[in-house]
Protein chains: 2
Amino acid sequence: MKQLTVELGERSYPIYIGDGLLAQAAELFAQRGISAKSPLLIVTDTAVGPHYLEPLAAALRAGGYTVAAHTVESGEKSKSLAVLQDIVATALEAGLDRKSAIVALGGGVVGDVAGFAAASYMRGVKFVQVPTTILAHDSAVGGKVAVNHPLAKNIIGAFHQPELVLYDTATLRTLPPREVRAGLAEMVKHGLIWDASFVAWLDENAQRLLALEPEALQYGLFEGCKVKAHVVSADEREDDLRAILNLGHTIGHALEAVAGYGELLHGEAISIGMIGAAKLALRLGCDPEIYTVTKRLLQHFELPTRMPPHLDTDAIMTAMSHDKKFKEGRMVYIVPTAIGRVEINKSVQAELVRDIVNELKEEA
Amino acid sequence: MKQLTVELGERSYPIYIGDGLLAQAAELFAQRGISAKSPLLIVTDTAVGPHYLEPLAAALRAGGYTVAAHTVESGEKSKSLAVLQDIVATALEAGLDRKSAIVALGGGVVGDVAGFAAASYMRGVKFVQVPTTILAHDSAVGGKVAVNHPLAKNIIGAFHQPELVLYDTATLRTLPPREVRAGLAEMVKHGLIWDASFVAWLDENAQRLLALEPEALQYGLFEGCKVKAHVVSADEREDDLRAILNLGHTIGHALEAVAGYGELLHGEAISIGMIGAAKLALRLGCDPEIYTVTKRLLQHFELPTRMPPHLDTDAIMTAMSHDKKFKEGRMVYIVPTAIGRVEINKSVQAELVRDIVNELKEEA
Ligand SMILES: NC(=O)c1ccc[n+]([C@@H]2O[C@H](COP(=O)([O-])OP(=O)(O)OC[C@H]3O[C@@H](n4cnc5c(N)ncnc54)[C@H](O)[C@@H]3O)[C@@H](O)[C@H]2O)c1
Ligand SMILES: NC(=O)c1ccc[n+]([C@@H]2O[C@H](COP(=O)([O-])OP(=O)(O)OC[C@H]3O[C@@H](n4cnc5c(N)ncnc54)[C@H](O)[C@@H]3O)[C@@H](O)[C@H]2O)c1
Ligand SMILES: [Zn+2]
Ligand SMILES: [Zn+2]
């Protein structure tokens, strides 16, 4: 088992990563002071629950915890206020009180909606992340929780740090391969923004990661979480530094919005977005290696690098203007300045971004 | 204009109380660093908006602010996730960003739902309370915000302190008399839990308060807010002391739930609850004056002191067990120990409370 800590003063918490950790849940919960006197609620989804709900609930019950469960539909649609209301109904019926914890067993969707339930039930109860996707090495760390509004993604939420993150890599074996690849896109992002030697390792170990080789997986998740934890520790509420986590996300979010959520997975969209950011770096005169390495890396991970050409450039530009406001034709953009380093550029010309969007449709 | 501060370290904020303060809104907002570069959203209700929305919006616009508005139905039903979703839609359409503020113009209902919107829109934006009821001298101070769930009141919420509270006592002139009395019940509560000399003043000035005499009103609201601010400063997140604010609320909440919200206003229910607490004090051997003074005071304010006899005692006891869990036939109860002083008694016998509920139906 690997362990690291997200340093946030009195809100600091550990991340445990290991194969078969679900079985140790009760012990790890107790170590973190989660009371067995108050009932727990596990929130999971219809794809994850059938595999892992009973093992987790059983492990917790064996350790003296009272456990209730709530299963939401698999998929982004579950990040809604309606689902929040349902989760709260189950919490009330199960008698959750102010000392209870809500446990998210699933990917980023479950983590985000269950996390917002934990942030707001009785004005805040404890929260535990049990991520079951690779992407969730990103979403489960850092305390951002939210649901979507019909008009905007992640717009209703909170900062609510978990008590612990319990990452059982054995759960990843049932993850569909496309979700594996998409999750690895965020791992690549963590390398690109912070750690050149991690990038080199990723470049060499892509096949082992795609094959979910336990040792490689644990190392990659550990390093990815480490970058995320570091950035979050320095800037919990996204006042400045935390924005670097958005590498590839400006174009990525716009793509998701325009393609309609579903055509592109989040990780696929940001893969294309990271190519866009690398192209932007070229245009701004940075080392051409940034582009070559980024491209090669994403190809090793079998991730898309080309924008679906049928997507309308104007629509993408408009979507971007919602995401990050243009001011006088300029926008904020996370641009790589070297492998393992990015800057927050606050005056990238929107016209330049438009050129790049068009180029991305021609990308090999 | 009177002013006091809720001391909460870097979350400290001022409360301004005065006749005609709406006109000074822009200046007071600016003093608190609310940016005129980002749009504001005023949330109000259908009873308050027609009187005060335009004056407030105009005052803010004159000071350079961009102002949008959202009006909810008057009444407790507006404290819902559905209304939250509507408020967020308006916020998005109006272009509110992370530097924007949401302004609650209304009573406790508007304050609670707009406050939860401010706590969760983009994971938290600034919040301003502009209370227009007497009860809101309680609800607008302290940062508790929430919406209701069909199964439980105030169960989905946050702690989100405002940047300032702007209390224009001129707005109270349109408040229906029954709402005036109900609001004064919370003022009486603040005296009873903390300040014997304020209780004496209330006893002598009931008629002036009922008549909304400006000087008396401002003094009463100031003293009431002072008690609330003091308690909140000592215990922001209700770990211990803050519970004393629940004097009269154990029975009060149960009464509201059983009578169905509407038959009894909140202030009326806690008036009866405070008589219950005083009777409990008698049974526990405290000074009989507690009961006589409490009773006389509430009668001066023309508040009910008798429980509607048609309400079923069993139903009330069950409702109470939801509110504050019984443990082995005992419950937590806020009991006066003298005028201006209460204790948190953690082992009041449920059977004793049942007797008192029955007695309250016979009360004069
Ligand atoms: N809070 C944050 O900081 C943050 C950061 C990044 C992304 N996110 C959010 O995360 C979400 C995406 O996360 P995700 O990719 O994990 O999505 P997800 O939770 O939807 O999981 C992807 C799919 O895999 C299924 N699944 C999950 N674990 C499985 C397993 N072990 N075996 C089989 N199937 C499994 C899910 O049911 C789903 O169909 C988005 O909503 C995004 O907004 C949040
Ligand atoms: N957050 C807290 O700490 C806290 C504390 C106590 C109560 N509350 C909540 O406050 C709510 C009760 O507050 P309230 O009594 O202010 O209720 P309210 O907001 O419903 O106002 C009472 C009625 O008066 C109307 N009204 C308000 N101001 C008016 C004015 N100036 N002129 C004419 N009509 C006016 C309203 O439309 C409503 O019909 C409850 O939901 C309760 O849960 C919250
Ligand atoms: Zn992402
Ligand atoms: Zn009250």
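Residues numbered from 1 in each chain as written. Chains lettered and ligands numbered in written order. Predicted model: local features only at pLDDT ≥ 70, side-chain atom pairs only at ≥ 80, totals over all residues. Heavy atoms only, no water.

### Comments concerning the nonpolar core
- Formed by 83 residues in total, the largest nonpolar core has its most connected members in Ile134(B) and Phe301(B).
- Per-domain counts for this core show at least three residues from each of domain 1 (2-174) and domain 2 (177-360) of chain B.
- Those residues in contact with Ile134(B) that lie beyond four places of it in its chain are Tyr167(B), Leu172(B), Leu175(B), Val180(B), Gly183(B), Leu184(B), Met187(B), Leu212(B), Leu217(B) and Leu221(B).
- In terms of nonpolar packing, the next biggest core, distinct from the first, is built from 82 residues, Val180(A), Val188(A), Leu217(A) and Cys225(A) among them. (Core = buried A, V, L, I, M, F, W, Y, C linked by side-chain atoms within 4.5 Å. Buried < 20%, exposed > 50% of the residue type's maximum accessible area, 1.4 Å probe, protein only. Domains from an automatic or database assignment. Contact = heavy atoms within 4.5 Å.)

### Overview of the coordination of the zinc ion (ligand 3)
Residues and elements named next belong to chain A.
- The protein atoms that coordinate the zinc ion (ligand 3) are Glu186 (OE), His249 (NE2) and His266 (NE2), at distances spanning 1.9 to 2.1 Å.
- In terms of primary sequence, the donors binding the zinc ion (ligand 3) are separated according to E-x62-H-x16-H. Of the two residues, His249 is situated in helix 9 (residues 249-259) and His266 in helix 10 (residues 266-283); the sequence distance between them amounts to 17 residues.
- With relative accessibility at 6%, the residue His249 sits in the buried group. (Donors = N, O, S within 2.8 Å, 3.2 Å for Na, K, Ca; no water. Helix = DSSP H or I, 4+ residues; strand = E, 2+ residues; numbered from the N terminus.)

### Concerning the sheet that holds strand 3 (residues 40-45) of chain A
Residue and element names in this part refer to chain A.
- Spatial ordering of the open sheet is given by 1-2-9-6-5-3-4, a layout of seven strands whose pairing is mixed. Looking at the sheet topology across the chains shown, the edges are occupied by strand 1 (2-6) and strand 4 (67-72). Looking at each pair of strands side by side, their axes are set apart by 20° on average, direction ignored.
- As paired strands, strand 3 and strand 5 (residues 101-106) are joined by four bridges and run parallel to one another. The partner of Ile42 across the bridge, within strand 5, is Val103.
- Here helix 4 (residues 108-120) sits on the sheet in contact with strand 3, strand 4, strand 5 and strand 6 (126-131), set at roughly 170° to strand 5.
- Contacts from helix 8 (residues 214-234) reach strand 1, strand 2 (13-18) and strand 9 (164-168), with the element oriented near 10° to strand 1. (Pairing = 2+ DSSP bridges. Axes fitted to C-alpha atoms, helices over the stretch in contact; angles between N-to-C directions.)

### Looking at the UniProt feature "domain: 3-dehydroquinate synthase N-terminal" (unreviewed entry) in chain A
- Sequence positions flagged by UniProt for "domain: 3-dehydroquinate synthase N-terminal" (unreviewed entry) are, in local numbering, residues 71-181 of chain A.
- As annotated, residues 71-181 of chain A comprises 32% helix and 30% strand, and the C-alpha atoms at either end are separated by 25 Å. (UniProt positions renumbered as here; feature names shortened; annotations may be inferred.)

### With respect to the packing of aromatic side chains
- The full count for this structure, using the stated rule, is seven aromatic pairs over all chains.
- Arranged with centres 6.0 Å apart and planes meeting at 70°, the rings of Phe29(B) and Tyr65(B) form a pair that is edge-to-face. Here Tyr65(B) lies in the loop between helix 2 (49-62) and strand 4 (67-72) and Phe29(B) lies in helix 1 (residues 25-31), a separation of 36 residues in the sequence.
- A relative accessible area of 0% places Phe29(B) in the buried class.
- Members of the aromatic cluster, joined through ring pairs, are Phe198(A), Trp201(A) and Tyr219(A).
- The cationic tip of Lys2(A) hangs over the ring face of Phe222(A); the distance from NZ or CZ to the ring centre is 5.0 Å. (Phe/Tyr/Trp six-rings, centres within 6.5 Å; stacked < 30°, edge-to-face > 60°. Lys NZ or Arg CZ within 6 Å of the ring centre and 35° of its normal.)

### As for the site of ligand 1
Residue and element names in this part refer to chain A.
- Inspection of the region around ligand 1 gives 25 residues, with Asp45, Glu76, Gly108, Thr132 and Thr133 positioned closest.
- The side chain of Lys79 places a nitrogen or oxygen atom 2.9 Å from an oxygen atom of ligand 1.
- Thr171 is positioned such that a nitrogen or oxygen atom in its backbone is 2.9 Å from a nitrogen atom of ligand 1.
- Broken down by secondary-structure element, the contributors of at least two residues to the shell around ligand 1 are helix 4, helix 5 (136-139) and strand 8 (152-159).
- Among the elements that line the shell around ligand 1, the one with the most residues is helix 4, at three residues.
- Broken down by class, the residue content of the shell around ligand 1 amounts to seven nonpolar, nine polar and nine charged. (Near = heavy atom within 4 Å. Polar contact = N/O pair within 3.5 Å; in protein donor to acceptor, adjacent residues only side chain to side chain. Nonpolar A, V, L, I, M, F, W, Y, C, P; charged D, E, K, R; others polar.)

### Describing the environment of Ala364(B)
All names here are of chain B.
- Following the sequence through the fold, Ala364 ends up in the segment after helix 13 (350-360).
- Judged by its relative accessible area of 72%, Ala364 is exposed.
- Spatially, the C-alpha atoms of Ala364 and Ser78 are 35 Å apart, while their sequence positions differ by 286 residues.
- If sequence neighbours within four positions are ignored, Ala364 has contacts with Lys295, Thr305 and Arg306.

### Thoughts on helix 9 of chain A
- Summarising burial for helix 9 of chain A: eight of the eleven residues are buried, a large majority.
- Those residues of helix 9 of chain A that fall on the buried side of the exposure criterion are His249(A), Thr250(A), Ile251(A), Gly252(A), Ala254(A), Leu255(A), Glu256(A) and Ala259(A).

### Digging into the sheet that holds strand 5 (residues 101-106) of chain B
Residue and element names in this part refer to chain B.
- Strand order in this open sheet of seven strands is 1-2-9-6-5-3-4, and the pairing throughout is mixed. What marks the edges here is a single partner per strand, and that holds for strand 1 (2-6) and strand 4. The sheet shows a mean angle of 20° between the axes of neighbouring strands, direction not considered.
- Alignment of strand 3 (residues 40-45) against strand 4, held across six bridges, turns out to be parallel. Within strand 4, the residue paired with Thr44 across the bridge is Thr71.
- Contacts from helix 2 reach strand 3, strand 4, strand 5 and strand 6 (126-131) within the one sheet, and its direction differs from that of strand 3 by about 165°.
- Where helix 8 (residues 214-234) meets the sheet, it contacts strand 1, strand 2 (13-18) and strand 9 (164-168), and its direction lies at approximately 10° from that of strand 1.

### Some points on the site of ligand 2
Residues and elements named next belong to chain B.
- Taken together, 25 residues are adjacent to ligand 2, and Asp45, Glu76, Gly108, Thr133 and Thr174 come closest.
- Here Ser74 contributes a side-chain N or O atom positioned 2.8 Å from an oxygen atom of ligand 2.
- The protein chains hide 89% of the 850 Å² of surface that ligand 2 would expose on its own.
- Breaking the shell around ligand 2 down by element, the ones donating at least two residues are helix 4 (108-120), helix 5 (136-139) and strand 8 (152-159).
- Examining the composition of the shell around ligand 2, we find that three residues originate from one element, helix 4, more than from any other.
- Classifying every residue of the shell around ligand 2 by side-chain character gives seven nonpolar, nine polar and nine charged. (Areas by Shrake-Rupley, 256 points an atom, 1.4 Å probe, with all protein chains shown as cover.)

### Points about the side chain of Lys295(B)
Residues and elements named next belong to chain B.
- Within the secondary structure, Lys295 sits in helix 11 (residues 289-300).
- For Lys295, a relative accessible area of 11% corresponds to the buried category.
- Leave out the neighbours within four places in its chain, and Lys295 touches Ile275, Thr305, Glu363 and Ala364.

### Points about the interface of chain A and chain B
- Every contact between the two is made by 32 residues of chain A and, on the other side, 32 residues of chain B.
- For the pairing of chain A and chain B, the buried interface totals around 2,600 Å² over both sides, and the portion due to carbon and sulfur atoms is 58%.
- Considering only the surface of chain A that becomes buried against chain B, Gln85(A), Arg123(A) and Ile155(A) emerge as the three largest contributors, covering 28% of it.
- Scanning the region where chain A abuts chain B turns up zero salt bridges.
- Linking chain A with chain B are 14 residue pairs in polar contact (both at pLDDT 80 or more).
- Counting residues per element, the ones that place at least two in the side of chain A that touches chain B are helix 3 (81-93), helix 4, strand 7 (144-149) and strand 8 of chain A.
- A class-by-class count of the residues in the side of chain A that touches chain B yields 18 nonpolar, six polar and eight charged. (Buried area = accessible area lost by both parts, 1.4 Å probe. Salt bridge = Lys/Arg side-chain N within 4 Å of Asp/Glu carboxyl O.)

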